[in-house]
Each structure stands twice: as structure tokens, then as C-alpha cells.
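Analysis of the macromolecular model
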Amino acid sequence: MIFFIILLTEVYYIPYSIIMKITTSTGMLDSVVLAIVALEADGTYGYKITQDVRNIMDVSESTLYPVLRRLQKDNCLDTYDVAIDGRNRRYYKITSNGMIVLDQFRHDWVLYKKSIDKVLFGVEDEK
Amino acid sequence: MKNKEEYLQALQNELRALPAEEQDSAMEYYTDYFNDAGEEHFQEVVEELGSPEKLGSYIRTKFTCVPATQKQNEDKHEDKQHASNKSSFNSQTPEKQASGLNILLVIVLLLLTFPVWGPILLSFLGIVFGLFISFIALGFAGIIGAIALLGAGISLCIASFVAFFTEPLTSILSLGCGIFILGLGILAAVAGIWLCIKLVPRIIRLIVKVCQMPFNKNKKGGQA
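Throughout what follows, the structure given in this document is the object of discussion. (Residues numbered from 1 in each chain as written. Chains lettered and ligands numbered in written order. Predicted model: local features only at pLDDT ≥ 70, side-chain atom pairs only at ≥ 80, totals over all residues. Heavy atoms only, no water.)

Another point: the overall build of chain A. Per the secondary structure count, chain A includes 6 helices and 3 strands. Each helix (α) and strand (β) of chain A, taken in turn from the N terminus, gives the series α-α-α-β-α-α-β-β-α. Counting across all 127 residues of chain A, residues that qualify as buried make up 45%. Considering only contacts in chain A between residues 6 or more positions apart, those separated by 24 or more positions represent 52%. In the form shown here, chain A has an accessible surface area of approximately 7,100 Å², with 58% of it arising from carbon and sulfur atoms. (Helix = DSSP H or I, 4+ residues; strand = E, 2+ residues; numbered from the N terminus. Buried < 20%, exposed > 50% of the residue type's maximum accessible area, 1.4 Å probe, protein only. Contact = heavy atoms within 4.5 Å. Areas by Shrake-Rupley, 256 points an atom, 1.4 Å probe, with all protein chains shown as cover.)

Right, let's get into the pairing of strand E3 (residues 87-94) of chain A. One face of the sheet, then the other: side chains in a regular strand alternate in exactly this way. Residues and elements named next belong to chain A. Taking burial as the measure, the 8 residues of E3 include 6 buried ones, the bulk of the element. Bridging between strand E1 (residues 44-45) and E3 involves 2 bridges; their strand directions are antiparallel. Across the sheet, the residue bridging to Tyr-45 is Tyr-91, located in E3. One ladder, built from 8 bridges, connects strand E2 (residues 77-84) with E3; its direction is antiparallel. Pairing of Val-82 across the sheet is with Arg-89, part of E3. (Pairing = 2+ DSSP bridges.)

Read across the open sheet, the 3 strands follow the order E1-E3-E2 (chain A); overall the sheet is antiparallel. Both outer strands of the open sheet, E1 and E2 of chain A, are each paired with one neighbouring strand and no more.

Next up on the list: helix H3 (residues 42-49) of chain B. Residues and elements named next belong to chain B. When we look at burial in H3, the residues that qualify are Phe-42, Val-45, Val-46 and Leu-49. Across the axial projection of H3, the buried residues extend over an arc of 100°, all falling on one side. The outward face of H3, more than 90 degrees from its buried face, is lined by the exposed residues Glu-44 and Glu-47. Buried residues belonging to H3 abut helix H1 (4-14), helix H2 (20-37) and helix H4 (52-63). (Arc of directions from axis to C-beta.)

Let us now look at the environment of B:Glu48. Looking at the secondary structure, you find B:Glu48 in helix H3. Overall, the relative accessible area of 27% leaves B:Glu48 in the partly exposed class. In this view, B:Glu48 contacts A:Arg54, A:Val59, A:Ser60 and A:Glu61; residues no more than four positions away in its chain are not counted.

We now examine the pattern of salt bridges. Considering all chains together, one arrives at 15 salt bridges over all chains under this definition. For A:Lys48, the salt bridge goes to A:Glu40, with nearest N and O atoms at 3.3 Å. Under the relative-accessibility criterion, A:Lys48 is labelled partly exposed at 29%. A salt bridge links A:Arg89 to B:Asp36, with the nearest nitrogen and oxygen atoms 2.8 Å apart. You can see A:Arg89 sitting in strand E3 and its partner B:Asp36 sitting in helix H2, one on each of two chains. In terms of burial, A:Arg89 and B:Asp36 fall into one category: buried. Through salt bridges with shared partners, one network takes in A:Arg69, A:Lys73, B:Glu21 and B:Glu22. (Salt bridge = Lys/Arg side-chain N within 4 Å of Asp/Glu carboxyl O.)

The grouping of B:Leu101, B:Leu104, B:Leu105, B:Val108 and B:Leu112 at the surface amounts to a nonpolar patch, some 510 Å² of accessible area in total. Inspection of the secondary structure assignment puts B:Leu112 in helix H6 (residues 95-112). (Patch = residues over 30% accessible without salt bridge, like charges linked within 9 Å, V, L, I, M, F, W, Y side chains within 5 Å.)

With that settled, consider the packing of helix H4 (residues 46-56) of chain A against H2(B). At their nearest, the axes of H4(A) and H2(B) sit 8 Å apart, and the two run at 70° to each other. Overall, the two elements H4(A) and H2(B) adopt an arrangement that is roughly perpendicular. Along the contact surface, H4(A) presents A:Gly46, A:Tyr47, A:Thr50 and A:Gln51, while H2(B) presents B:Tyr29, B:Tyr33, B:Asp36 and B:Ala37. Partitioned by chemical class, the residues of the contact of H4(A) with H2(B) number 4 nonpolar, 3 polar and 1 charged. (Axes fitted to C-alpha atoms, helices over the stretch in contact; angles between N-to-C directions. Parallel < 35°, antiparallel > 145°, perpendicular 65-115°, else oblique. Nonpolar A, V, L, I, M, F, W, Y, C, P; charged D, E, K, R; others polar.)

By rolling a water-sized probe across the atoms, one finds the places where empty space is left. Across all of its chains, the model carries 2 cavities of 30 Å³ or more by this definition. Roughly 40 Å³ of internal volume is contained in the largest cavity. A:Gly46, A:Tyr47, A:Arg90, A:Tyr92, B:Tyr29, B:Asp32 and B:Tyr33 are the residues that line the largest cavity. The set of elements that each furnish at least two residues to the lining of the largest cavity consists of H4 and E3 of chain A together with H2 of chain B. A per-element tally of the lining of the largest cavity places H2(B) first, with 3 residues. Of the residues belonging to the lining of the largest cavity, the class tally is 4 nonpolar, 1 polar and 2 charged. Empty space within the second largest cavity amounts to approximately 30 Å³. What lines the second largest cavity is simply B:Lys4, B:Phe34, B:Gly38, B:Glu39 and B:Phe42. (1 Å grid on protein atoms, 1.4 Å probe; cavity = no way out; pocket = protein on both sides within 12 Å on 5 of 7 lines; lining within 4 Å. Points joined across faces, edges and corners; volume = space filled by probe spheres on them.)

Listed below in C-alpha cells is the structure:
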């Protein structure tokens, strides 16, 4: 098994860890949600996040709550309540840890994109 | 489903199995969600979310055990931490401290179980090393054999020329043998040089990779 992975990574130059991280459905969705929340300096709320994510990705509304909750538990998102129309609305804001996680994903994404481009289009960059 | 109160009440019932904290969080989220969507979008939202039973069971599958998902910065020692994952389960303590303790525990555990995995690791390394050496030896053997065969072939040819005037038939036979051995020598030389040039660097790279594996982020760590 180990030798097989070495062969794949050796031949196609795709880092194994990055393949795993991005192709697992959570990695991509988590990062998109983080990026969307990060766009709003004053934080944003569940319904708006869902609409924003659904503008760019085809995901079911029900998948967003577990993602937000998990990111909150991982200290990537902070929540606070704002009184509006006589009730409290829960707002989400990215934390510094979330920024770091997002940055790491951006870094991984560039590498991943490069290797997929190479496979799909045969673009040979300086290697 | 007539209105959001009914939907939320049904959802609440579905979430009874979850810890109170999880129930509150989910209920707050979906109450907000319906309020923000507004009455006019209620049907759309319900269609998208599905029945309360379906949504509830989906949330339950996500949060029943409340697993602490792997943090990005833990990936480096992920394979080592599998054993001690439970201790960092749902903890609110700073991550650095927890992972430091985990690493210490893993080291102690590794030291205590050395008699078990030590021989296995050593024999594995021995096999790798033996294979490596034998491949190098094969390459060298090919080259040395090639030199010997070439030498023998050339000397047989020369001898056959010398013997040509005294015993012509024997001389021709030995000339043929000499050329045959020369051919074998060339083949052996090609094989030996190929082994040395192509295979040895590859094997070295493979071994380096295997040794690096535990330090990489890869999940399939090596033996160490």
C-alpha cells in the first residue's frame, strides 16, 4: 500500500495529503464557508451564509448547519447574538485561528489546482 | 406542515437524543433560519430542508458522538495521536497544551512497548537494507562478470588465431566460442550498468521516502 502511494505521488507529483484534504467533501465546503464569513468584517448570519454559499455551490441547505457548528467547535468561527426585530439573531465571525485555517487551504488549493491542471491540460511548468 | 412553529416543534422532538447543548444550538440556528427566510419563503425552505424527521436524523448523525474533528495543526502527528484522541475529546483547553501532553503519552507508550514493536521494526529495516545491498551487489556482480567474460572471450579469440596454423578446425571452433562468450559479456555489461544507473538511485529514493513518511502529513505512516 505504501509503495503504491509512493508510486502515484512519484509519477504525478501530487502530494498525497493535499489530495485527501481537498477531495474530502468537508475540506472544500468548510473553506468556502470560512471565506464567505471572512468577507463580512462585522460578521454574518446563518440564512445569509446559506444563500451566499448556494450562489456558488450546489449544496443542500441542511448541510450548512453541521459545517457552521463544527467550525465553531474548532475555534474557527465565533458567534454572538444581535437583537433584531424583537428577537436575537445569531451572528458568525471568523477568528484568527479560522484565518490561519483558511490561509492553509488557499495554499493547498494552489498546489492542487496546479497538479490537476497538469493532468487535465498537460501544462508542464518548471519542475 | 402548516407553519414554522410546528416544524420546529417536530424538529425539537427529533433532536431529543442529542446533548442539551447541541439541541439548543441546532434549535436556535433553525429558528433564526426560518425567521430570516420570512413567512413568504417558508414552503421553499421546508422543501429544501426536507421533513423534520429527515433533517433531525441528519443532524443526529453529525453530532451524536460529538467527535472533536481533527485540527489542521494536529495533522503532523496524526498517526501518533490516534491512540490518544479520546483524551482531547471535546476539550476546551488550548490545543497546544493538549497535543504536547498527547505526544508525551505516545512517547512513553512507545518506550514501554518497545519489546513488541522493536524487533519487528528492526527486522523490517534489516529486510529493506538487505534488499538494497543485494540489488547493489547484483549490479556489481553484473559488471565484474561482464569484465571476466569479455576478458575470456578476447583471449579465446587471440588463442584461436595463434592456433590457426597448427590446428585449423579446433581454432575455428574456439574462435566461435570466443565470440559467443564476448556476446555474453556485452549482455552482462549492459545489464550490470543498467542496474547500477537506473535501479540503485530509484531504490535509494524509495528508502528515503519511506523514512520520511512518519514526518510527512501522510496518514499512511511508516513503521516508526
